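# Fold and geometry: a report
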Amino acid sequence: MSRVENSFIQDKLGVPRTFDEMEWALAHQYIIPAFRDGNVTVDKLLDHVDLNLLWYIPSIHAIKFMNFMRLVLGEEPENTNPRAHYFLVDCIFQSPNVKAFFDVRNIDFNHLTAETVVLCSREFSKTTIITFLLLFMADEGEIPEFGKLNYGLYVSDSMRNGVKKMMLRLRGIYNESIYLQSKFEEVQITQEEAVFVRHPRSKREVALYHDFVNTQKKDRTQVPGRMKRTFKVDGLGAATSSRGASNVLVRPQFVFIDDVVPNEVDASSDTILESIESTIESDIRGGLSGSGYFIVAIGTPFNKMDPIYRRVEEGLMLPIVFPRARLMPTDNIKETEFESVWADRHTYKNCRREWKNAKKAEDNGNSYKMRKLQQEHYLRIASEEDRLVPDSLIQWIDTSNITTNAHLYNWYGTSDYTTTGTKGSDLSGMILWAVGSGGDFFIIDIVGRKMEIEEQYNETFNMIEPVLNQARWVEHGVELDGGQGGHIYSLKKKMAERNAFFSFAKQKGASAGKQGIVSRLVGGDKHWRFRQMLPLFQNHKIWFSEHLRDAPGMIELLDEIKYTTYATINSKYDDMIDTLSMINAIDVVFPIKDLSHYSQNKKVGMKTSGINAKIWGQKNLENPLKTAYDSYNG
């Protein structure tokens with residue numbers, strides 16, 4: 001950070017936190033240093049979170065909404081609304097007064113403003129805010145910066161759980177609110193939908209209503225223009241198709257996606273996550289109103305494959321993160337340093353008590369409470385303490401001498417091939433290892449990305465060929481599970497085409513001549529197999545090549561390692577750590593230690609050590625430099 005920036009931005013991370021700092025930042029087109037690379041991640045947003053929002057002035061529309069909540073309740077809420085609530089509402093309303101927050105984080109507000117994704121702590125009252133937003137829109141028939149609306153979707157985990165609870169909540173609030181009951185001519189709320197019909201308000205609406213109902217004595221449902229006064233929200237389970245959803249002639253104009261993943265079990269199921277993604281991307285997004293829409297996705301994360309977490313990092317929606325506090329109240333954090341997202345509800349005392357309880361359980365060998373606290377309240381899906389392989393066990397080394405002296409090492413390749421090509425959801429992974437005589441494993445080359453089948457084979461040869469004529473031993477590991485045995489056949493065919501031949505590694509314990517690795521015989525799932533690598537990391541036997549630091553495959557591998565805890569894999573992909581783990585399944589042969597630097601003609605004499613005299617007897621009196629043993633070797 002420059003001196004000029006330092007003179008205005010006091011925060012050590014460069015985050016503008018006051019009105020004057022933000023004003024200066026906008027005038028100088030300032031971007032927080034960590035975001036200058038254009039890469040936005042959840043961890044970056046959390047590291048540079050601003051919960052006090054002292055620079056932010058709520059819009060009149062956000063204030064109107066908060067007053068609406070009080071009118072509906074008929075009293076002041078139990079806790080005052082923090083600035084974060086106003087800020088969230090202004091983001092949904094697409095108000096320009098929040099734009100500065102995203103500008104300094106290098107996020108294109110104007111491009112993303114119609115779709116907002118919110119990652120927030122438990123007990124942030126996110127569902128309560130959504131509930132009152134639905135009632136507010138039903139009453140107003142429009143929202144600022146967007147315009148009129150009368151139909152949309154509320155999407156949750158299932159019809160029987162999240163959707164049902166929302167409809168019951170809407171019904172309960174309506175039945176208890178004198179204010180709301182004065183606003184609507186008719187309200188129908190079932191477990192699947194909620195329909196609100198406003199009383200006529202404009203002169204034309206009032207005149208039409210009087211003529212049809214009072215003069216012509218017709219039913220009020222037959223009054224022209226009633227559809228314009230009607231607001232409807234349909235509930236939708238995340239695994240339920242909404243293709244073709246509409247309200248008479250109107251396609252959905254808004255969608256609230258709220259906690260679509262109910263628990264950790266579902267968050268770990270590829271089938272369930274794929275179903276949710278299909279519902280959101282194919283059914284919902286494909287069926288929205290062509291004249292304009294907005295989407296709000298909100299939730300608390302489970303892992304990197306969580307639909308909400310993914311959308312923060314994909315860069316396709318406006319990202320907001322609101323942890324319970326800026327820093328967890330550990331022993332090193334004083335009360336004066338504690339910054340809560342909701343000061344009069346999540347106090348230092350309460351948060352401190354939660355942390356101490358989790359820490360006590362962790363010290364007694366139960367890490368579950370601390371992991372859940374980190375995840376659900378502070379939005380960290382993998383803390384440094386919870387990581388299976390922390391940064392302290394990642395060793396970097398200059399491998400130029402290893403490649404120059406390739407003949408001193410045995411070489412192995414490990415792989416995790418795809419059988420579907422780039423259309424599949426998995427990555428293709430390959431790692432080239434040099435294995436030293438001391439039992440050290442050096443990662444010399446790495447590739448990890450989505451590839452076509454033929455492309456991944458070519459990458460394998462590009463990786464192995466440079467060492468074929470230098471190394472004494474080159475084997476490549478190929479997984480055989482799930483009908484993947486065809487990979488060996490294809491690689492053998494390509495060997496003849498490229499005139500580059502190597503052997504296929506066999507599994508530990510397999511008989512001579514066997515080829516390939518069968519994961520089910522290794523045991524466990526991908527997480528279990530990676531856990532078996534831990535002793536190698538702890539004994540400092542795994543080394544990463546310095547020249548691969550910026551390689552895409554290495555970046556992906558480190559990301560997967562970072563988000564793998566003792567309990568689970570939380571990263572988006574797990575293909576690279578599976579590629580890495582294969583080296584532990586291979587029947588590795590360590591090379592013989594090179595002795596070429598020792599003298600081959602050295603004579604053992606009496607002047608060396610006493611043990612020689614005891615073993616080989618008296619010295620030769622004719623030649624004091626020789627022993628009796630010398631007669632055997634000339």
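Shown above is the structure to which this text applies.
Residues numbered from 1 in each chain as written. Predicted model: local features only at pLDDT ≥ 70, side-chain atom pairs only at ≥ 80, totals over all residues. Heavy atoms only, no water.

### As for the packing of helix α4 (residues 60–73) against helix α8 (residues 126–140)
At a minimum axis separation of 10 Å, α4 and α8 run at an interaxial angle of 95 degrees. On the basis of the axis angle, α4 is roughly perpendicular to α8. Contact residues: Lys 64, Phe 65, Phe 68, Met 69, Val 72 and Leu 73 in α4; Ile 129, Phe 132, Leu 133, Leu 135, Phe 136, Asp 139 and Glu 140 in α8. (Axes fitted to C-alpha atoms, helices over the stretch in contact; angles between N-to-C directions. Helix = DSSP H or I, 4+ residues; strand = E, 2+ residues; numbered from the N terminus. Parallel < 35°, antiparallel > 145°, perpendicular 65-115°, else oblique. Contact = heavy atoms within 4.5 Å.)

### Let's talk about unusual backbone geometry
Even without being glycine, Gln 29 reaches a positive phi, approximately 50 degrees. Checked against the element boundaries, Gln 29 lands in the loop between α2 (19–27) and α3 (42–47). Given a relative accessible area of 72%, Gln 29 falls into the exposed group. (Buried < 20%, exposed > 50% of the residue type's maximum accessible area, 1.4 Å probe, protein only.)

### A few points about the packing of aromatic side chains
Scanning the model with the defined rule gives 35 aromatic pairs in all. Where Phe 254 meets Phe 294, the ring centres are 5.9 Å apart and the plane angle is 20 degrees; that geometry is what we call stacked. Taken as a pair, Phe 254 in strand β8 (residues 254–258) and Phe 294 in strand β9 (residues 294–299) lie far apart in primary sequence, 40 residues in all. Both residues of the pair, Phe 254 and Phe 294, belong to the buried class. A network of ring pairs unites the aromatic residues Trp 55, Tyr 56, Phe 87, Phe 101, Phe 102, Phe 109, Phe 124 and Phe 322 as a single cluster. Sitting over the face of the ring of Phe 101, Arg 105 holds its NZ or CZ atom 3.8 Å from the ring centroid. (Phe/Tyr/Trp six-rings, centres within 6.5 Å; stacked < 30°, edge-to-face > 60°. Lys NZ or Arg CZ within 6 Å of the ring centre and 35° of its normal.)

### Quick look at the sheet that holds strand β1 (residues 115–120)
Hydrogen bonding along the main chain pairs the strands of a sheet, whether they run parallel or antiparallel. Reading across from one edge, β5-β6-β7-β4-β8-β9-β1-β10 is the order of the eight strands in this open sheet, with mixed pairing throughout. The strands lining the two open edges of the sheet, one partner per strand, are β5 (184–189) and β10 (318–322). In this sheet, neighbouring strand axes are inclined to one another by 10 degrees on average, regardless of whether the strands run parallel or antiparallel. In terms of strand pairing, strand β4 (residues 151–156) meets strand β7 (residues 230–237) through six bridges, oriented parallel. Each residue of the ladder has a partner; that of Leu 153, found in β7, is Asp 234. (Pairing = 2+ DSSP bridges.)

### Comments concerning the sheet that holds strand β17 (residues 542–545)
Strand order in the open sheet formed by seven strands is β11-β17-β14-β13-β12-β15-β16, and the pairing between neighbours is mixed. Lying at the two open borders of the sheet, with one neighbouring strand each, are β11 (395–397) and β16 (503–504). Sheet topology note: the strand β14 (residues 441–449)/β17 ladder contains three bridges and is parallel. Residue pairing in the sheet places Ile 443 in a bridge with Phe 544 of β17. Against the sheet, helix α23 (residues 552–562) contacts β11, β14 and β17, and its axis sits at roughly 100 degrees relative to β14.

None of this, on its own, says anything about what the molecule does.
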